[in-house]
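# Chains, contacts and geometry: an overview
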Amino acid sequence: MMKSKIWLVLLIAVGLICSTTLVGSAAQAGGTLVFGSSGDAVRLDPADVTDGESIQRMDNIFDGLVEYKSGSTEIQPCLATSWETSKDGKEITFHLRKGVKFHDGTDFNADAVVFSLRRQYDKGYLPWHDYGEWAYWGYMFSDVEKVVKIDDYTVKLVLKTVNASIMTSLAMFTVNIVSPTNAAKWGPDTFKHPAGTGPFKFVEWVKADHIALEANDNYWRERPKLDRLIFKVVPDPSARLMALEVGEVQGIEYPDPTHFDRIKSNPDLKLLTEPGMNVGYMAMNTGYGYKDANANGVRDADEPWVKTPGYFEPLTKKKVRQAINYAIDKKSIVDNLYKGTAIVAKNGMPPFMLGYNDDIEDYPYDPQKAKKLLAEAGYPDGFEVTLYVMPVSRPYMFDPPKIGEAIQGYLAAVGITVRIYQVDWGTYLQETEAGNHQMCLLGWTGDNGDPDNFMNVLYGPNACSIGTAGNYGFYNDEEAQDLLSKALQTYDESKRAEYYQKVQEMIHEAAPWVYLAHSNQNVVFRANVQGYVLHPTSRKFFYPVWIE
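Small disclaimer: the values here were computed from a predicted structure and weren't measured.

Now for the overall build of the protein. If you tally the helices and strands in the protein, you get 16 helices and 22 strands. Here the C-alpha atoms of the protein give a radius of gyration of 23 Å, agreeing with the 24 Å that 2.2 N^0.38 yields for 548 residues. Expressed as lengths along the three principal axes of its C-alpha atoms, the size of the protein is roughly 65 × 55 × 40 Å. For the protein, buried positions account for 60% of its 548 residues.

Across the sheet, which stays open at both edges, the four strands sit in the order S4-S5-S7-S6 with antiparallel pairing between neighbours. Pairing within the sheet leaves two strands with one partner each, and these edge strands are strand S4 (80-85) and strand S6 (144-151). Within this sheet the neighbouring strands show an average axis-to-axis angle of 20 degrees, counted without direction. Relative to strand S7 (residues 154-159), S6 runs antiparallel, the two being bridged by six bridges. Bridging from a neighbouring strand, Lys-146 pairs with Val-158 of S7.

Our focus in this paragraph is the pairing of strand S17 (residues 384-388). Of all the five residues making up S17, four are buried; the element is thus mostly covered by neighbouring parts of the structure. Two elements, S17 and strand S18 (residues 417-421), share five bridges in a ladder whose sense is parallel. Paired with Thr-386 across the two strands is Arg-419, which belongs to S18. Handedness of the crossover is the feature at issue here: the chain leaves S17, passes through helix H12 (residues 400-412), returns alongside S18, and the resulting connection is right-handed. The sheet contact formed by S17 and strand S19 (residues 439-445) spans two bridges and is parallel. Across the sheet, residue Leu-387 finds its bridge partner in S19, namely Met-439.

What follows covers the packing of helix H14 (residues 452-459) against helix H15 (residues 478-488). Interaxial distance between H14 and H15 falls to 10 Å at its minimum, and their mutual angle equals 150 degrees. Here H14 is positioned roughly antiparallel relative to H15, judged by the angle of their axes. Note that H14 runs across H15; the crossing there is left-handed. Residues Asp-452, Met-455, Asn-456 and Tyr-459 of H14 lie in contact with H15, whose contacting residues are Gln-481, Leu-484 and Leu-488. For the contact of H14 with H15, a count of residues per class yields four nonpolar, two polar and one charged.

Let's shift gears to the layout of surface pockets. Counted as a void, the largest pocket has a volume near 430 Å³. Sorting elements by how many residues they give to the lining of the largest pocket places strand S2 (residues 66-68) first, with three residues.

Glancing now at helix H3 (residues 110-121). With twelve residues, H3 extends 17 Å between its outermost C-alpha atoms, agreeing within 8% with the 16 Å of an ideal straight helix rising 1.5 Å per residue. Counting buried positions along H3 yields ten of twelve residues, so the element is predominantly enclosed. Taken as a whole, H3 has its buried residues at Ala-110, Ala-112, Val-113, Val-114, Phe-115, Ser-116, Leu-117, Arg-119, Gln-120 and Tyr-121. Next to the buried residues of H3 lie strand S5 (91-96), helix H4 (135-140), S6, S7 and helix H6 (180-186).

What follows is about the confidence of the model for the protein. Residues at a pLDDT of 70 or more form 95% of the protein, whose mean pLDDT is 94. Low confidence marks residues 1-27, where pLDDT is under 50. Its contacts with residues over four positions away, or in another chain, come to 35 contacts.

A few words now on the packing of aromatic side chains. Per the counting criterion, the structure on display carries 31 aromatic pairs. Centroid distance Phe-312 to Phe-383: 5.8 Å. Interplanar angle 65 degrees. Geometry classified as edge-to-face. Of this pair, Phe-312 sits in the loop between strand S15 (306-307) and helix H9 (318-327) while Phe-383 sits in the loop between helix H11 (367-376) and S17; the two residues are 71 residues apart in sequence, bridging distant segments of the chain. For the pair formed by Phe-312 and Phe-383, the shared burial category is buried. Here the aromatic cluster, defined as three or more aromatic residues joined through ring pairs, consists of Phe-35, Phe-231, Phe-525, Tyr-532 and Phe-542. The lysine or arginine in question, Arg-43, covers the ring of Phe-191, its NZ or CZ lying 3.9 Å from the ring centre.

Rules and cut-offs
- Residue numbers restart at each chain and count upward from 1, following the sequence in its written direction.
- With the structure being a predicted model, the display of local features is reserved for residues of pLDDT at least 70 and the display and counting of side-chain atom pairs for 80 or more, all residues being used for whole-chain, interface and lining totals.
- The basis for the side-chain values is all heavy atoms of the structure; hydrogens and waters are excluded.
- Helical segments are the DSSP runs of H or I of at least four residues, strand segments are the runs of E of at least two, and each set is numbered from the N terminus.
- We compute the radius of gyration from the C-alpha atoms alone; for a globule the expected value is 2.2 Å times N to the 0.38, where N is the number of residues.
- Whether a residue is buried, partly exposed or exposed follows from its accessible area with a 1.4 Å probe, protein chains only, as a fraction of its type maximum: under 20%, in between, or over 50%, in that order.
- Two strands form a pair only when DSSP identifies at least two bridges running between them.
- Note on method: axes are straight lines fitted to C-alpha atoms, helices fitted across the in-contact stretch only, with angles between N-to-C directions ranging 0 to 180 degrees.
- By convention a crossover is right-handed if, when the strands point away from the viewer, the path from the first strand over the helix to the second runs clockwise.
- Here is the rule for angles: anything less than 35 degrees is roughly parallel, anything more than 145 is roughly antiparallel, 65 through 115 is roughly perpendicular, and the remaining ranges are oblique.
- In this scheme, a crossing is called left-handed if the near helix is turned counterclockwise away from the far one by less than a right angle; it is called right-handed if the turn is clockwise.
- When checking whether two residues touch, look at their non-hydrogen atoms; a contact exists if any pair is within 4.5 Å.
- Under the scheme applied here, ten amino acids are nonpolar (Ala, Val, Leu, Ile, Met, Phe, Trp, Tyr, Cys and Pro), four are charged (Asp, Glu, Lys and Arg), and all others, including Gly, are polar.
- The definitions used throughout rest on a 1 Å grid laid over the protein atoms alone, on which a cavity is an enclosed set of points accommodating a 1.4 Å probe that cannot get out and a pocket is an open set flanked by protein within 12 Å on both sides along at least five of seven lines; lining residues are those having an atom within 4 Å of a point.
- Grid points are joined across faces, edges and corners, and a volume is the space filled by probe spheres set on the points.
- Take the number of residues in a helix, subtract one, and multiply by 1.5 Å to get its expected span.
- Residue-level confidence of the predictor is what pLDDT reports, using numbers from 0 through 100.
- Ring pairs shown here join Phe, Tyr and Trp side chains whose ring centres sit within 6.5 Å, with only the six-membered ring taken for Trp; geometry is labelled stacked below 30 degrees between planes, edge-to-face above 60, and tilted in between.
- Only Lys NZ and Arg CZ are tested; either one counts as a charge over a ring when it is within 6 Å of the ring centre and within 35 degrees of the ring normal.

See the structure below:
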């Protein structure tokens, strides 16, 4: 459909929604929901992204073998109706749902499951493997040896070793099932033309403006109540709120906490909030990563440590990194910029998770101590450094530019001159995953509720792969990786907790990160939007939503 025609339909639909809001109609199916997002998607292939903006679109287009129950990280059947695990824990056999169609009209079956997973791990599966970076496979699924078709509706997942988090990980977006026929049609451009089995079908993507979806009339569950779902890019938090107030959008993400009183006093709006499973931080590039030549997510013996593109000598020194931790007043940032919607972070995962080390004593705000450590490290007069600052709001950091400016001021007070660097979101992720940065603002929202999803993905040396890094501090202590691998390979929760607590002690001492905050997740809707449930991972599922 032509862009002009589709927007005529959307404008009419939005106008109808606003009209029914004014007359207070009863709940009904149908209509369009326009959601104000802080940034655009990067790609629309669930296996080849790491950013929340892409994920929130795809969570409404694709399904996986299993899924999370509403509002929790407990799994339930989805495209797989049941499964059995072998006695040694290394093989899981899935029985697939029959009668399910992809959006392109082709059948969902075992071939589609094998295709969706194999393209990520099999370097010889060409040309499909060459079409993506598959970063999340390296983060979360490097223990998978292969997936095997048993018959048209049965597949077996074979693991190299026991993995205590594998079933919760299988509910993540990166192993959602894509149409092989659609992939064959579009080739390397498949990420622009997604086709899954989910509740909404892709219509169009106008870069930096909107992504339009429509209800999947042939969904294997009941049809969605919404006719259309539009993700509209509105980068500025104030502009997002104004668009919501006048009815141009019906929901927004990452509201500015300074606007909460204004939101709560407006009877046409409602604020949804709950503690977030996240961490926001500043990472310091400690200097060394590795080239993951075989894309297996593990640093092999023949893959040496090499300097990252952002290698910067002062940050290779532990005392400098510790000084920077002392120099930043995190409590002031949380009190004045997060406005009471977060708690100060001292470790790299939320305090309610298994293995959190509450015995660690955080770096206090102490500029004099920072200056002393800088002098001891050989930098009594400080130095100049570049800080990458995100251009979009995230669940763990709603206003990165203001936080970047605050850090700039704190470091100036101890003699460190900070240059702020900003670039579009997609490029930002590419450059930081490649290790181009000296320091960067980033963070993480948990994908599956398991501590491995923080500790191994963000801080494990295996995640120091240049080009697909999840460890943006490039912290490469191999003893830490050994402990993290052991934690993943045991079902003994007390033992797992001990391993994670020890690694947190090691990271605290090495200080490659300034952990800033664990923030609440907040979403605002028009009062007539019903059925939306916040998810601990901050993923956004619109299938149950309707408009009164």
